[in-house]
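Coordinate inspection notes
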Amino acid sequence: MSGFITAYSVLDGQAQQNYPISSLADIEAAMNAARQAALVWAQIDAKQRSQRVARLIAVMMAELDDIIAVLMAATGKVKTEALLGEVYPVLELLRYYQRHAAASLAPCPVHTAPLAFPQAQAVYERRPYGVVAVISPWNFPLQLTLAPLVTALVSGNACVFKMSELSLPVGALLMRLLGQLDLPDGLVQQVIGAASEGMALVDARPDLVFFTGSVAAGRAVMARAAQHPIPVLLELGGKDAMLVFADADLERAANAALYGAFSNSGQVCVAVERCYVEAACYADFVARLVAATAQLNVGHGPVGDLGAVTSLAQVAIIEAHYNDAIAKGAKASGPLRLQGRYLHPVVLWDVNHTMLLMQAETFGPLLPIMAFSDGQEAVRLANASDYGLNASVWSRDINKAERIARQLQVGNWAVNDVIKNIGHAGLPFGGVKNSGFGRYHGSEGLRQFTYTVAGLTSHSRLPKEPNWFPYSDKGYLDMRGFVDMLFGAGSLKQRLFRNWAALQAFRGYASLNMAQHWRNGWIFIRRYPR
């Protein structure tokens with residue numbers, strides 16, 4: 001063994017359990033076991049795979065209270081956020097895959113041009129990569145591990161996952177829950193450790209790496225995977241913008257801004273980290289947010305709204321962003337107060353893009369607000385970021401809001417709602433720019449965990465094709481006429497007339513049915529002259 005990691009409860013600081021760190025031999029053994037299981041699993045059709053994995057819905061519901069308790073201790077979430085932010089999205093995703101996976105992964109026939117491929121059938125199909133490595137973060141350890149994990153399984157892959165060293169009790173929980181499913185032995189494996197074990201997992205050469213985390217860590221994983229090379233899907237950080245127009249329902253928008261910025265104490269990759277408000281309602285909106293923020297309850301009491309900060313290391317970043325904004329002239333609803341592991345939320349206004357909290361990911365309960373004059377400026381400000389994960393636009397004019405949303409450089413957007421769009425199981429999720437690439441969730445997500453294989457079957461009975469050896473000048477002229485007939489200038493009738501001699505050379509190639517094809521063509525030309 002390479003030592004142990006002790007897990008502590010975020011709620012009371014008490015040690016929970018020691019977990020043995022995976023050695024290189026352990027990681028290699030996990031990879032080998034997963035490879036053997038993947039061979040068996042890939043032979044089961046997508047419908048049966050999705051049904052077996054969907055059994056996890058019943059397993060999770062039967063142990064729901066225990067799951068919530070583990071999540072609260074590991075992350076500091078309040079129980080409502082543990083339920084709605086961690087468990088519910090996974091249940092929805094499982095149900096979606098149960099209903100749609102078979103169709104999403106089914107072979108796709110492709111129409112073939114009758115002149116070039118008269119006796120051929122074309123199709124492309126999806127095949128699983130083999131073994132998918134999932135490396136997940138500490139902020140949503142259950143959802144951000146299980147969602148890519150079950151996507152990998154339903155797509156026909158095995159999975160080796162490594163959670164954050166801050167979330168190991170959740171990893172043990174997942175292995176126990178997944179152990180109740182009818183899966184081949186070894187199909188799901190866990191690696192325990194920190195960043196070095198994550199790199200060792202990549203070095204064990206899985207067939208695909210799915211990583212969720214910071215930009216810096218994502219770059220390191222991508223660089224390591226490139227040495228082998230291994231394809232990667234990266235779901236990285238965000239600096240999500242919320243655009244509020246004066247014609248919006250300001251009460252709803254203000255409530256959404258508070259939830260979007262402060263849910264899970266701001267430790268959400270799609271949290272509202274920049275709020276742009278039209279100048280005409282700016283003062284009113286700021287006043288609403290300041291008043292509403294003062295009413296939020298921090299802690300795990302019966303009416304707790306904001307839970308604990310999972311990683312105290314993040315507090316230093318949040319504090320630096322707050323102090324930088326104040327030093328550069330921002331106004332704040334109050335001081336930054338940390339009580340134990342509970343950080344009180346703060347609204348900041350009169351901010352600008354020179355401030356850190358408008359540039360870098362804060363990942364904490366700060367809500368900066370900035371004014372804009374019109375839609376064009378709102379789009380410019382929202383797009384002036386290295387990140388592009390999610391965004392929301394607020395207006396009673398739906399056409400205007402959607403037009404603005406479609407100009408934003410993001411992978412996801414919502415109109416008059418916040419964060420909830422990410423929980424839609426049928427919508428693919430992922431970012432652009434420094435927020436990563438690749439998608440999961442929905443049919444697109446399933447297909448991202450597979451690779452495409454294209455096939456063509458010829459039924460021709462000709463002894464050889466026109467493009468086969470030997471070449472000749474006449475053959476070239478015939479082929480040139482054939483290409484001109486297909487793509488040259490003029491009407492179809494004109495192209496047929498000038499290339500008729502060349503086309504005669506292809507009568508055999510055109511198969512037994514091609515003569516009828518030409519007759520139908522002449523009938524069409526006579527009936528519908530151009």
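Further up the page is the structure itself.
Bear in mind the structure is a predicted one, so any value in this text is a computation, not a measurement. (Residues numbered from 1 in each chain as written. Predicted model: local features only at pLDDT ≥ 70, side-chain atom pairs only at ≥ 80, totals over all residues. Heavy atoms only, no water.)

Some details on unusual backbone geometry
A cis amide bond, omega -20°, links His228 with the succeeding residue Pro229. For Pro229, the location among the structural elements is in the loop between helix H8 (215–226) and strand E9 (232–235). In this model, Phe469 is joined to Pro470 through a cis peptide bond whose omega is 0°. You will see that Phe363, though not glycine, has its phi angle at about 60°, which is positive. Within the element layout of this structure, Phe363 appears in the loop between strand E15 (346–349) and strand E16 (366–372). For Lys433, which is not glycine, the phi dihedral falls at a positive 55°. Mapped onto the fold, Lys433 is located in strand E20 (residues 432–433). (Helix = DSSP H or I, 4+ residues; strand = E, 2+ residues; numbered from the N terminus.)

Some details on the pairing of strand E2 (residues 15–20)
As judged from the five bridges shared by strand E1 (residues 4–8) and E2, these two strands associate in the antiparallel manner. When the bridges of E2 are listed, Phe4 appears paired with Pro20. As consecutive antiparallel partners, E1 and E2 are separated by six residues, and within that stretch Gly13 has a phi angle of approximately 75°, a positive value. (Pairing = 2+ DSSP bridges.)

What about the side chain of His228?
Checked against the element boundaries, His228 lands in the loop between H8 and E9. Setting aside residues no more than four positions away along its own chain, His228 makes contact with Val202, Asp203 and Arg205. (Contact = heavy atoms within 4.5 Å.)

So, the pattern of salt bridges
Counted by the stated rule, this structure contains 17 salt bridges. Its salt-bridge partner being Glu86, residue Lys77 comes within 3.2 Å of it at the nearest N-O pair. Neither residue differs from the other here; Lys77 and Glu86 are each classed as buried. Several salt bridges converge on common partners, so that one network encompasses Arg252, Asp417 and Lys420. (Salt bridge = Lys/Arg side-chain N within 4 Å of Asp/Glu carboxyl O. Buried < 20%, exposed > 50% of the residue type's maximum accessible area, 1.4 Å probe, protein only.)

A closer look at the packing of aromatic side chains
All chains considered together, the criterion is met by eight aromatic pairs. Here the aromatic rings of Tyr96 and Tyr97 are separated by 6.2 Å at their centres, their planes lie at 65°, and the arrangement is edge-to-face. Take Tyr96 and Tyr97: they sit in the same class, and that class is buried. Arranged with centres 5.6 Å apart and planes meeting at 85°, the rings of Trp138 and Phe363 form a pair that is edge-to-face. Note that Trp138 is positioned in the loop between strand E5 (131–135) and helix H5 (143–154) and Phe363 in the loop between E15 and E16, a separation of 225 residues in sequence. Trp138 sits in the buried class, given a relative accessible area of 16%. Within the aromatic cluster, the residues linked to one another by ring pairs are Phe210, Phe429, Tyr440 and Phe449. Directly above the ring of Phe140 sits Lys77, whose terminal nitrogen or CZ lies 4.1 Å from the centroid. (Phe/Tyr/Trp six-rings, centres within 6.5 Å; stacked < 30°, edge-to-face > 60°. Lys NZ or Arg CZ within 6 Å of the ring centre and 35° of its normal.)

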